[in-house]
Amino acid sequence: MVRRDDPLHLVLELNQRLFHYFDYVPRSTRVDSPIDDAILSCSGVCQDFAHTMIALLRHVRIPARYVSGYLFRGSEDHDRSTPDASHAWVEALPAASRLGGVDPTNNLIAHHRHIRTAVGRDYADVPPTHGIFRGKTASDLYVAVQVEASDEPPPLDRKLPIPEDWSVLVERAAAAARARRALH
């Protein structure tokens, strides 16, 4: 039987229940979708899992924060989240003193495979791109991230290959840029 008076056990139980409640469906929501969309459809992406868990934890007065980063996927790992895409999970206090964080998308305790890049109240605090852009308004930004295990940091001048599925996007972006230049 789970002790509901212990915040750590409550955090772990909620992590597991959200994992079973939601189906992981890429592109089923947008970054600005309210969590109600994910809750009603019982599907979403990692940020929906994290936002829902944070809302529930805060409702029972357990402080929680949104963590953004990446999840390293080894050949033996069978995570539901998309490989090499950004990922989100939750850190909760007071459980954090005994638990680094929880990943309701994959029903995991955040550990060495979770690579933290930012923390905040929610996604709006930690988007991967944020700031002021000056230049032509008709522009596109494409980013590729490759997560791999290493004992040493790669050299700073190392050229990273574009993943195979990104080559289509890069070609489309180049074609769109050529078409825009032809119109002007």
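What this report covers is the structure whose coordinates are included nearby. On a predicted model such as this, the values are computed, not experimentally measured, just so you know. (Residues numbered from 1 in each chain as written. Predicted model: local features only at pLDDT ≥ 70, side-chain atom pairs only at ≥ 80, totals over all residues. Heavy atoms only, no water.)

Observations concerning the overall build of the protein
Right, on to step 1. Assigned secondary structure in the protein consists of four helices and seven strands.
Right, on to step 2. Each helix and strand of the protein, placed in order from N terminus to C terminus, yields the pattern α-β-α-β-α-β-β-β-β-β-α.
Right, on to step 3. Looking at the protein as a whole, 34% of its 184 residues are labelled buried.
Right, on to step 4. Partitioning the intrachain contacts of the protein with sequence separation of at least 6 by distance along the chain shows that 58% fall at a separation of at least 24. (Helix = DSSP H or I, 4+ residues; strand = E, 2+ residues; numbered from the N terminus. Buried < 20%, exposed > 50% of the residue type's maximum accessible area, 1.4 Å probe, protein only. Contact = heavy atoms within 4.5 Å.)

Brief notes about the packing of helix H1 (residues 7-21) against helix H3 (residues 46-59)
Right, on to step 1. Running from N to C, H1 and H3 cross one another at 140°; their axes reach a closest spacing of 11 Å. It follows that H1 is oblique to H3 by the angle criterion. Here the hand of the crossing between H1 and H3 comes out right-handed. Only Phe-49, Thr-52, Met-53, Leu-56 and Leu-57 of H3 make contact with H1, whose side of the interface consists of Val-11, Leu-14, Asn-15, Leu-18 and Phe-19.
Right, on to step 2. Partitioning the contact of H1 with H3 into residue classes produces eight nonpolar, two polar and no charged. (Axes fitted to C-alpha atoms, helices over the stretch in contact; angles between N-to-C directions. Parallel < 35°, antiparallel > 145°, perpendicular 65-115°, else oblique. Left-handed = near helix turned anticlockwise from the far one by under 90°. Nonpolar A, V, L, I, M, F, W, Y, C, P; charged D, E, K, R; others polar.)

A few points about the nonpolar core
Across soluble globular proteins, nonpolar side chains show a tendency to be buried alongside one another.
Right, on to step 1. Among the nonpolar cores identified, the biggest contains 23 residues, and Val-11, Met-53, Leu-57, Ala-64, Tyr-66, Val-90 and Ala-92 are the most heavily contacted of them.
Right, on to step 2. The set of elements that each furnish at least two residues to this core consists of H1, H3, strand S3 (64-71) and strand S4 (86-92). (Core = buried A, V, L, I, M, F, W, Y, C linked by side-chain atoms within 4.5 Å.)

Notes on the pattern of salt bridges
Right, on to step 1. The full count for this structure, using the stated rule, is seven salt bridges.
Right, on to step 2. Residues Arg-113 and Asp-77 are paired through a salt bridge, measuring 3.1 Å at the closest nitrogen-oxygen approach. Taken together, the positions of Arg-113 in the loop between strand S6 (108-109) and strand S7 (114-120) and Asp-77 in the loop between S3 and S4 put the pair 36 residues apart, joining distant regions of the chain. The two residues Arg-113 and Asp-77 agree in class, both being buried.
Right, on to step 3. For Arg-113, the salt bridge goes to Asp-79, with nearest N and O atoms at 2.8 Å. (Salt bridge = Lys/Arg side-chain N within 4 Å of Asp/Glu carboxyl O.)

Some points on the side chain of Ser-33
Right, on to step 1. Of note, Ser-33 is situated in the loop between strand S1 (23-24) and helix H2 (35-41).
Right, on to step 2. Judged by relative accessible area, Ser-33 falls into the buried class, the value being 12%.
Right, on to step 3. For Ser-33, the side chain forms a polar contact with the main-chain nitrogen of Arg-30, separated by 2.8 Å. (Polar contact = N/O pair within 3.5 Å; in protein donor to acceptor, adjacent residues only side chain to side chain.)

Some words on the packing of aromatic side chains
Think of a pair of aromatic rings as described by two things: how far the centres are apart, and how the planes are tilted against each other in angle.
Right, on to step 1. Inspection of every chain in the model, using the stated rule, returns three aromatic pairs.
Right, on to step 2. A ring pair is formed by Tyr-66 and Tyr-123, whose centres lie 6.4 Å apart and whose planes are at 85°; its orientation type is edge-to-face. With a gap of 57 residues between them, Tyr-66 in strand S3 and Tyr-123 in the loop between S7 and helix H4 (166-183) connect regions that are remote in the sequence. Here the two residues Tyr-66 and Tyr-123 agree in accessibility, since each one is buried. (Phe/Tyr/Trp six-rings, centres within 6.5 Å; stacked < 30°, edge-to-face > 60°.)

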